Each structure stands twice: as structure tokens, then as C-alpha cells.
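# Observations on chain architecture
Letter by letter, the chains look like this.
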Amino acid sequence: MTDAASTPNRVALVFGGSRGIGAAIAMRLAEDGFRVALTYVSRPDKAEDVAAAIGARGGKALAIRADSADAVEIAAAVDRTVDRFGPLDVAVVNAGVLRLGTVDAVSIEDLDLMLAVNIRGVFCAIQSAASRMRDGGRIVTIGSNTAVRTGTAGGSVYAMTKAAVAALVKGVALDLAPRGITVNNIQPGPTETDMTADMLSRLADMVPLKRVGRPDEIAALASYLAGRQSGYMTGSSLTIDGGYIL
Ligand SMILES: NC(=O)c1ccc[n+]([C@@H]2O[C@H](COP(=O)([O-])OP(=O)(O)OC[C@H]3O[C@@H](n4cnc5c(N)ncnc54)[C@H](OP(=O)(O)O)[C@@H]3O)[C@@H](O)[C@H]2O)c1
């Protein structure tokens, strides 16, 4: 039994919990004993599938439409979660977008979308969640190994946004330390999700372990960071990428 599971009725909110890594984290936190709210923007069907799967296993879940590019919708999602389940114990900021393009080709729309969701949305989610979180809570962001590994052509803006998240958690961790709230950042490498569906075989070749990651492997690290035993870790970025090299 995990430490979180030993405390029933704890509450977690996963931003971007309808698919991929976020869905795996929502499922894992429900297994750990959390009541779980999860947001989505474009796939209500997938979000309801995750909520139904949690319910079928005896857990409690709530799917909420909330665009992470919109600060008002983010705050409303936090309020709905607290109204339904009570104050937050954990927030996982997973929602993210990848738009590839070399510097000559990136459109202003793609630039603005990545900045809005991957940076502004992360800050707003942390700010809103922290305001309705119990002291001693946990905030986990999902960055990327692109923040620390060698740059890739076509990936500069995405990597920039994920480097911003790694920098952000260092300062926010200090802001929230007096309340005992920890703030840590998971930096996955290539992981099998819709985001990477068309590049998986190429990516696997770049991983010394010769495979891409599974969402449940990222969720296991999120489970640790969401639990009590991680309480001495804050402001850290943890890379989980099979030793990825170029
Ligand atoms: N897969 C990888 O190899 C990899 C590697 C490193 C880091 N990451 C990061 O891990 C996180 C999850 O990636 P993934 O691979 O699981 O992606 P994914 O399969 O494309 O799923 C993205 C999730 O984020 C949600 N989302 C996207 N934009 C949103 C918005 N504006 N508002 C609210 N929710 C939004 C999606 O909701 P809908 O279903 O409603 O669209 C979905 O639940 C991202 O931050 C990504 O950058 C992924």
C-alpha cells in the first residue's frame, strides 16, 4: 500500500488528464486513494472514459472542461474540484502542447499556443491550485527532457517552454515552502502517447534503453511525488528518459 493510499479522501486535480501521461497519472492517483478531478479541452469522450474507469474501480472522479490557455477556466476548474471533493492535496500540471517547426517556419499562432499552455497555463494552474490547497500539499508539473538534453531542430520553442517550467518550480518551491507545499517537475523523455504517435520508431533509436517510455512509468514517479514520502524534495526537476541522447 502506498502512503497516499493510507489516507483516504485526499483530493488531486490533474490538469490535462484525459489522455496519455495525464490519464495514466489520474488513474494512478485514484489507485493511491485520491479522489481525482481531471481537466480536458478537446476530448470529452476520453475524459469521461478516464472518469468512468476510475469509478469502475471504486474510485471517485470528475471530468471538467477547462482550457489551460485560459486563466479564468483554470481557476474555475480548481473551484469546481474543491466544491465537489474538498481542498486540494495534490495538483498535477500536465496539460501541454507540441508544435514542431524550424525557426523560419514557426507560425505566430503555434508560438502563442505553446507559450499560453506550456508556460502561462502552468503558472496559472499552480497559482490557482495553491490558493485552494491544504498546507503540506504537493504540486507536480510535467516538463520535458528537452529542457536539459541537446537541442533538436524544429523543437526550439517547445524546449524553451519546458525550460521555463524547470526554472519556475525552483522559485515557486521557495514561495510555498513556508506552507510545507512541495513543488517538483517531472521531465519525461519520449513516451508512447498521441503526442508522439508519428515519431515513436525514430525516437526509440535515440534512447540507450532502445524503447520509449510508457505513461504508467511516468505516473509511478508522479505517485511518489504526490505522496508523503517525497516530503523532503522540492524545487527539483527529475528526468525520466531512458538515458536519451542524440
Ligand atoms: N509524450 C512524450 O513523449 C512527452 C515527453 C516529454 C514531455 N511530455 C509532456 O507531457 C505532457 C503530456 O503529454 P502527452 O504525451 O500525454 O500528450 P497528449 O497525449 O497529447 O495529451 C495531452 C493532454 O493534455 C490536454 N491538453 C492539451 N492542451 C490542453 C489545454 N489547452 N487545456 C487543457 N488540457 C489540454 C489534452 O486534453 P484533450 O484530450 O482534451 O485534448 C490531453 O489530456 C505534456 O505537458 C507534454 O509536453 C510528453
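See the structure printed just above.
A brief structural summary. What you see is a predicted model, and the numbers here were worked out from it, not measured in a lab.

## Describing helix H7 (residues 215–226)
The terminal C-alpha atoms of H7, which comprises 12 residues, lie 16 Å apart, in line with the 16 Å expected from a rise of 1.5 Å per residue. Here H7 has its buried residues at Pro215, Ile218, Ala219, Leu221, Ala222, Ser223, Leu225 and Ala226.

## Considering the packing of aromatic side chains
For the structure shown, the criterion picks out 0 aromatic pairs. Just above the ring of Phe85 sits the side chain of Arg84; from NZ or CZ to the centre is 6.0 Å.

## As for the nonpolar core
Counting 30 residues, the largest nonpolar core has Phe15, Leu88, Ile139, Leu176 and Val183 as its most contacted members. Ranked by residue count, the leading element in this core is helix H4 (residues 108–131), at 6 residues. Once you skip the residues sitting within four places of it in the chain, Ile139 turns out to touch Ala91, Ile126, Ala130, Met133, Leu176, Ile181, Thr182, Val183 and Asn184. Among the nonpolar cores identified, the runner-up in size contains 29 residues, and Val50, Ala63, Val140 and Ala219 belong to it.

## Quick notes on the sheet that holds strand E4 (residues 88–93)
A sheet is described by the order of its strands in space; here 7 strands give the open sequence E3-E2-E1-E4-E5-E6-E7, paired in parallel fashion. Every interior strand has two partners, whereas the edge strands, strand E3 (61–65) and strand E7 (237–240), have only one. Direction aside, the axes of adjacent strands within the sheet are offset by 20° on average. Alignment of strand E6 (residues 182–188) against E7, held across 4 bridges, turns out to be parallel.

## Topic: the site of the ligand
Among the 31 residues in the neighbourhood of the ligand, the closest are listed as Ser18, Arg19, Ser42, Tyr158 and Thr193. Within the contact set of the ligand, an oxygen atom lies 2.8 Å away from a backbone nitrogen or oxygen of Val41. Within the contact set of the ligand, a nitrogen atom lies 2.9 Å away from a side-chain nitrogen or oxygen of Asp67. Relative to its free-state accessible area of 880 Å², the ligand is covered by the protein chains to the extent of 95%. Under a 2 Å grid-point criterion requiring more than half of the atoms, the pocket assigned to the ligand is the largest pocket. Those elements giving two or more residues to the shell around the ligand turn out to be helix H1 (20–31) and helix H5 (156–176). A class-by-class count of the residues in the shell around the ligand yields 12 nonpolar, 14 polar and 5 charged.

Rules and cut-offs
Residues numbered from 1 in each chain as written. Predicted model: local features only at pLDDT ≥ 70, side-chain atom pairs only at ≥ 80, totals over all residues. Heavy atoms only, no water. Helix = DSSP H or I, 4+ residues; strand = E, 2+ residues; numbered from the N terminus. Expected span 1.5 Å × (residues − 1). Buried < 20%, exposed > 50% of the residue type's maximum accessible area, 1.4 Å probe, protein only. Phe/Tyr/Trp six-rings, centres within 6.5 Å; stacked < 30°, edge-to-face > 60°. Lys NZ or Arg CZ within 6 Å of the ring centre and 35° of its normal. Core = buried A, V, L, I, M, F, W, Y, C linked by side-chain atoms within 4.5 Å. Contact = heavy atoms within 4.5 Å. Pairing = 2+ DSSP bridges. Axes fitted to C-alpha atoms, helices over the stretch in contact; angles between N-to-C directions. Near = heavy atom within 4 Å. Polar contact = N/O pair within 3.5 Å; in protein donor to acceptor, adjacent residues only side chain to side chain. Areas by Shrake-Rupley, 256 points an atom, 1.4 Å probe, with all protein chains shown as cover. 1 Å grid on protein atoms, 1.4 Å probe; cavity = no way out; pocket = protein on both sides within 12 Å on 5 of 7 lines; lining within 4 Å. Sits in = over half its atoms within 2 Å of the grid points. Nonpolar A, V, L, I, M, F, W, Y, C, P; charged D, E, K, R; others polar.

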